[in-house]
Amino acid sequence: MSQQSTTRTLRVNGEPQQVAFAVHHSLLEVLREELGLTGTKHGCELGECGTCTVLIDGKPVLSCLELAAECEGRSIETVEGMMQGNQLHPLQSCFADLGAAQCGYCTPGILLAAQALLAENDSPTRDQIVEALSGNLCRCTGYHKILEAIEWAAARLRGDDQYQPPNSAIYGDPVPGKQAKDV
Amino acid sequence: MSDAVHPDDEEGPVTSDQLRLIGTPFRRVDGRAKVTGQTRFADDLSFPRMVHMKLVRSTVPHANIVSIDTSKASAMAGVVGLLTGESMPDPFGILPVSQDEHALCIDKVRFVGDPVVAVAALTEDQAHEAALAVEVEYQPLETIATVEEAIATPEPRIHDYGDEGNLHKKLSMEFGDVDAGFEEADQIFEDVMYFEGNTHLPMEQHATVALTEETDRITVYSSTQTPHYLHRSLAKVLGLPAARIRVIACPNGGGFGGKSDPFNHEICAAKMALTLGRPVKICLTREEVFYCHRGRHPVLMKIRTGVKKDGTLTAQHLQTALDGGAYGSYGVASTYYTGALQTVTYDLPKYRFESIRAFTNKPPCGPKRGHGTPQPRFAFEVHLDKIAHQLAIDPAQLRLQQLVAADSVTSNWLKVGSMGLGKCIEAVVEGSGWNQRHGKMPEGRGLGLACGSYLSGAGLPIYWNHMPQSGVQLQLDRSGGVALFCGETEIGQGSDSVIAAITAEILGIDLKDIRLCVADTDLTPVDLGSYSSRVTLMAGNAAIEAAERARTLVARGAAKKLDVPARELVFAEGRVFHGENPEHGLSFQEAVIEAESRFGTLGTTGSYTPPRSPGRYRGAGVGPSPAYSYSAAVVEAEVDPATGIYRIEHVWMAHDVGKCINPALVMGQIEGSVYMGLGEAMMEEQVFRRLPKKRSGALVHKHPSMLEYKSPTFAEMPPVTSYIIEDPDPNGPFGAKEVGQGPLLPMMPAVANAIFDAVGVRVDQVPIAPHMIRQAIEAREKGKPGRFGPKSFPEIEFGVPLKVPTPAEGGDGKATNVDDAGVRSGTGTMTERKDAVKGEN
């Protein structure tokens, strides 16, 4: 295998980074190993799980399948770039509050895929969110908390501060018959 | 004590019933780190001069190793180290009775993927290329692919230990006079069922980084659920004192049981680091994760139950046959677990359980979410659905009329405490409209009900000892902050948040004022690990003890200053104040300063050991738990009879969690369990195939990739209505029981039962594929039974069972025929057992 090296300037989270790497290395490898941006995770390195999703020019891309050498001149966004100053992005905040991140390993990729969706559509339906995220696997959550967190974050990004996730998402559904008995 | 203001100030405050944090939805303590990419998983770690390691894995399923040639590899660019099995001759394994693994195979390989050589190089690419250049010559041995083949092929043995031939474990136990129980029955029902193997598929691939600090001192970071057990295995194989080995479990990117064994790659990384004197990292590829496996055992089951006309169960005889794969792993415990928890849901007055676990030339099976219990639970719950249908009794009613009583002891001597299954059934029956809709919907639409129960921690540790199973240490100082040390491991379930919340509740402080240090064998008190749903209950109780002791210390300090008896002080809102006069108080920080001034440096500990189980027979160690959780599910399915293609339209799940520490976390575990159970019911399977003879005839993994190993995506997840039932258990912290595994159990049988309600045919195995439904429909159309599933259970001579009279028969928990029982039972080595008994005397 060629160990030929190349040097490129990559624009990551708005900042230019000059970086040298083996020419055959993926964007995933360069982000994690050369730039130390380990927030981008990997689950298969074969393009099957969506875990390594980053945004390139605003579009979700599997960084394990993207050659870093081809990313010069494009805008790369990773989870490390989501925060606004010392404040969480609404997606991050809603994920943390609802427990949409359990082990947190698939979370960076899903946050970025969701960010790309909300940039195109500020009021996606449940089906549209499912469609946009169907390439991202999560083994912990059963997906519902993620969907609810994205809907909550979408509302906040639209400026709708009244919106609250359904009570049932946090406390479970009212146990049938229980309320009557309690009263 | 001479300076005491009040004579009774030794007593601390008591915890109020008015909880402020427990039971409320708070953001998990690691929530922010996990959404910003700050959480450091094992593969995120990097150290100066770190090298990368790869394992050369067997390409054949069963063979003697004839020769290993590393000469080409060692000459390759960047290669710095090579290890073979001779350098680590001591065997290891999670259970004391199954020390059958080597860090690298020495004489023999036992499955495709068994590691033979470890290679380290400056870059991962170089290590990969060098691994490809290692030449291993194999002399193939006969391959065993299934339980049936293992029974039929006692020689050659895959291992030179085990109960007989290629049977790793064989056991037979009888609780009460089962024959008499069957005679009392009006009808005897019998089913043969099959549960296919499946794997955990955590999103994070296992990774380990090892580095030396001294020539004989090493630190190992790893994605492990059980740092304590890894610590023990490292000490054994490396031959280093345990005190010179530090294991730090990084947060796991999902575990589900798949990171609970000590692994060969972890030991190799440590050995390589000790050899090279520089940091070594290995991160498994996804393909290798499939080889590590330790997933759900494939289990064939025969279940036979005596039933009275009114549906009362009189006796059950359960036989299970586990396909264990190539190594022991947790398999002896898994074998017992395929029988142990059959008794904790419905009264089963007499019960016989027989089981075998076979060695086969496939990746080793082990514990996956529910550990050994989902398979017999599937069989039991589908079997009950058939019984209900035959007897024309409503399936919910059949269960409700014979629930195990709270605070009772089962026929196999398990002590049940709180028992909320009745409430769970009532909730899902009501919520799903069961009474109006079950059996009454148009062809193609059906409802299925099933239940389950799980441990809140295994009652016994994996190795025999009398030490605590969990410990917490608190350190308080004048900053007002509290440092919490605990060996528990965060695998995504939220255990960090649980122990922090319990401590914050008792000390009345903000979660943010607690600094956690967890899962570090140098710094944290031992906790046995994140398995068997044990952490909330065990580490939670240890945290309560440590926090109450800390509160007493601080209260005594504050009492003097406030001139109030310590026991009358209240800790809340970051203050310590007089309960009768809340204005009269100190900030928590001021109170700590008073205590530190009076007592010196402040620290407390707490620990937890489960209550002793009443069972005294050999094998009674598997099944006991301080508390059992209960779950009930109703699943609604839409089935196309023309194709067998089905969808799950809705799931109603009720789970008795005892008490929510944090409802948001509880909901996450319920929904995650529903999801994983649906995957097992509908699609997930770890299966193998033989290559044609001309292509080596090897037994290979059918699909070691995420693309082919099907698991549910966002698109397959149906709506879930979740009911949290709180039936507090006196053994749980604030009454809490487990939630991480229990709600998975009812899913598979509920799906099978819903399919029956929809199209009137039975699929007696999982995963349920459309062609199985279709074939069952076709069979029915031809006048045969409308069923798809296994036809028979193998003939096995189990010998005389270990006979244990039940509590109702006046038994004392002991077996009556220890000497003449036909098969050995037990989970620990005899030496360990004797040592443990000696310790008691």
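These numbers come from a predicted model, not from an experiment.

### Notes on the interface of chain B and chain A
Right, so step 1: The interface of chain B with chain A comprises 62 residues on the first partner and 59 residues on the second.
Right, so step 2: Regarding the contact of chain B and chain A, the summed buried area is about 5000 Å², with carbon and sulfur atoms giving 57% of it.
Right, so step 3: Among the residues of chain B in contact with chain A, B:Val35, B:Met203 and B:Phe714 are the three that bury the most area, contributing 19% of the side total.
Right, so step 4: In this structure, the connection of chain B to chain A is made through six salt bridges.
Right, so step 5: Residues A:Lys41 and B:Asp44 are paired through a salt bridge, measuring 2.4 Å at the closest nitrogen-oxygen approach.
Right, so step 6: At the boundary of chain B and chain A, one finds 32 residue pairs in polar contact (both at pLDDT 80 or more).

### Examining the environment of B:Thr816
All names here are of chain B.
Right, so step 1: Tracing the backbone through its elements, the reader meets Thr816 in the loop between β34 (802-804) and α20 (830-840).
Right, so step 2: For Thr816, a relative accessible area of 58% puts it in the exposed group.
Right, so step 3: Put simply, Thr816 and Glu596 are 220 residues apart on the chain and 58 Å apart in space, counted from C-alpha to C-alpha.
Right, so step 4: In this view, Thr816 contacts Lys803 and Pro805; residues no more than four positions away in its chain are not counted.

### Here we look at the pattern of salt bridges
Residue and element names in this part refer to chain B.
Right, so step 1: Tallying each qualifying case throughout the model produces 55 salt bridges over all chains.
Right, so step 2: Glu490 is paired through a salt bridge with Arg28; the nearest N and O atoms lie 3.1 Å apart. Taken together, the residues Glu490 in the loop between β20 (482-486) and α14 (495-507) and Arg28 in the segment before α1 (31-36) connect sequence positions 462 residues apart.

### Considerations on the packing of aromatic side chains
Right, so step 1: Within this structure, the stated rule accounts for 15 aromatic pairs over all chains.
Right, so step 2: An angle of 35 degrees between the planes, with centres 4.2 Å apart, marks the rings of A:Tyr143 and B:Phe714 as tilted. One end of the pair, A:Tyr143, is in the loop between α4 (126-133) and α5 (144-157); the other, B:Phe714, is in the loop between β29 (699-701) and β30 (720-725), on a second chain.
Right, so step 3: Here B:Phe714 falls in the buried class, since its relative accessible area comes to 2%.
Right, so step 4: Relative to B:Phe588, the ring of B:Phe571 has its centre 6.4 Å away and its plane inclined at 70 degrees; by these criteria the two rings are edge-to-face. You can see B:Phe571 sitting in strand β22 (residues 569-572) and its partner B:Phe588 sitting in helix α16 (residues 588-599), a full 17 residues away along the chain.
Right, so step 5: These aromatic residues form a ring-pair network of at least three members: B:Phe175, B:Tyr351, B:Phe353 and B:Tyr617.
Right, so step 6: Over the aromatic face of B:Phe182 sits the side chain of B:Arg304, whose NZ or CZ is 4.5 Å from the ring centroid.

### Some details on the domain arrangement of chain B
Residues and elements named next belong to chain B.
Right, so step 1: The domain architecture assigned to chain B consists of domain 1 (31-39 + 470-608), domain 2 (42-141 + 205-251 + 259-292) and domain 3 (167-199 + 295-460 + 618-788).
Right, so step 2: Computed over C-alpha atoms, the centres of domain 2 and domain 3 are 36 Å apart.
Right, so step 3: Tallying the contact residues gives 21 residues for domain 2 and 26 residues for domain 3.
Right, so step 4: Regarding the contact of domain 2 and domain 3, the summed buried area is about 1900 Å², with carbon and sulfur atoms giving 63% of it.
Right, so step 5: Run the count over domain 2 and domain 3 and you get zero salt bridges.
Right, so step 6: In this structure, the connection of domain 2 to domain 3 is made through nine residue pairs in polar contact (both at pLDDT 80 or more).

### Some points on the pairing of strand β19 (residues 470-476) of chain B
Residue and element names in this part refer to chain B.
Right, so step 1: Most of β19 sits inside the fold, with five of its seven residues counted as buried.
Right, so step 2: Of the pairings in the sheet, the one linking β19 to strand β25 (residues 602-608) comprises seven bridges and is antiparallel in character. Paired with Gly471 across the strands is Ser607, a residue of β25.
Right, so step 3: Examined bridge by bridge, β19 and β20 share five bridges and lie antiparallel to one another. Its bridge partner lying in β20, Leu474 is registered against Leu484.
Right, so step 4: Counting the residues that bridge the hairpin from β19 to β20 gives five residues, and of these Gly480 lies at a positive phi of roughly 85 degrees.

Rules behind the numbers
Going along each chain's sequence as written, the residues are numbered from 1 onward. Both sets of labels track the order of writing: A upward for chains, 1 upward for ligands. At least 70 in pLDDT is required for a residue's local features to be given in this predicted model, at least 80 for side-chain atom pairs to be given and counted, and no such filter applies to totals for whole chains, interfaces and linings, which use all residues. In computing side-chain properties, one takes all heavy atoms of the structure into account and sets aside hydrogens as well as water. The contact rule is simple, with two residues in contact once any of their heavy atoms fall within 4.5 Å. Note: buried area is the sum, over both parts, of the accessible area (probe 1.4 Å) each one loses when the two are combined. For salt bridges, the criterion is a side-chain nitrogen of Lys or Arg within 4 Å of an Asp or Glu carboxyl oxygen. The term polar contact refers here to a pair of N or O atoms within 3.5 Å; inside protein, the definition further demands a hydrogen-donor-capable atom paired with an acceptor-capable atom, and it admits residues adjacent in sequence only when both atoms are side-chain atoms. Each helix corresponds to a stretch of at least 4 residues labelled H or I by DSSP, and each strand to a stretch of at least 2 residues labelled E; elements are numbered beginning at the N terminus. Buried means the residue's accessible area, taken with a 1.4 Å probe over protein chains only, is under 20% of the maximum for its type, while exposed means over 50%, and partly exposed covers the values in between. Aromatic rings from Phe, Tyr and Trp, with only the six-membered ring used for Trp, were paired whenever their centres fell within 6.5 Å, and each pair was classed as stacked if the ring planes differed by under 30 degrees, edge-to-face if by over 60, and tilted otherwise. A positively charged side chain is recorded as over a ring if its NZ (Lys) or CZ (Arg) lies within 6 Å of the ring centre. The angle to the ring normal must also be within 35 degrees. Either an automatic procedure or a domain database provided the assignment from which the domain bounds are taken. For two strands to be treated as a pair, DSSP must find no fewer than two bridges joining them.

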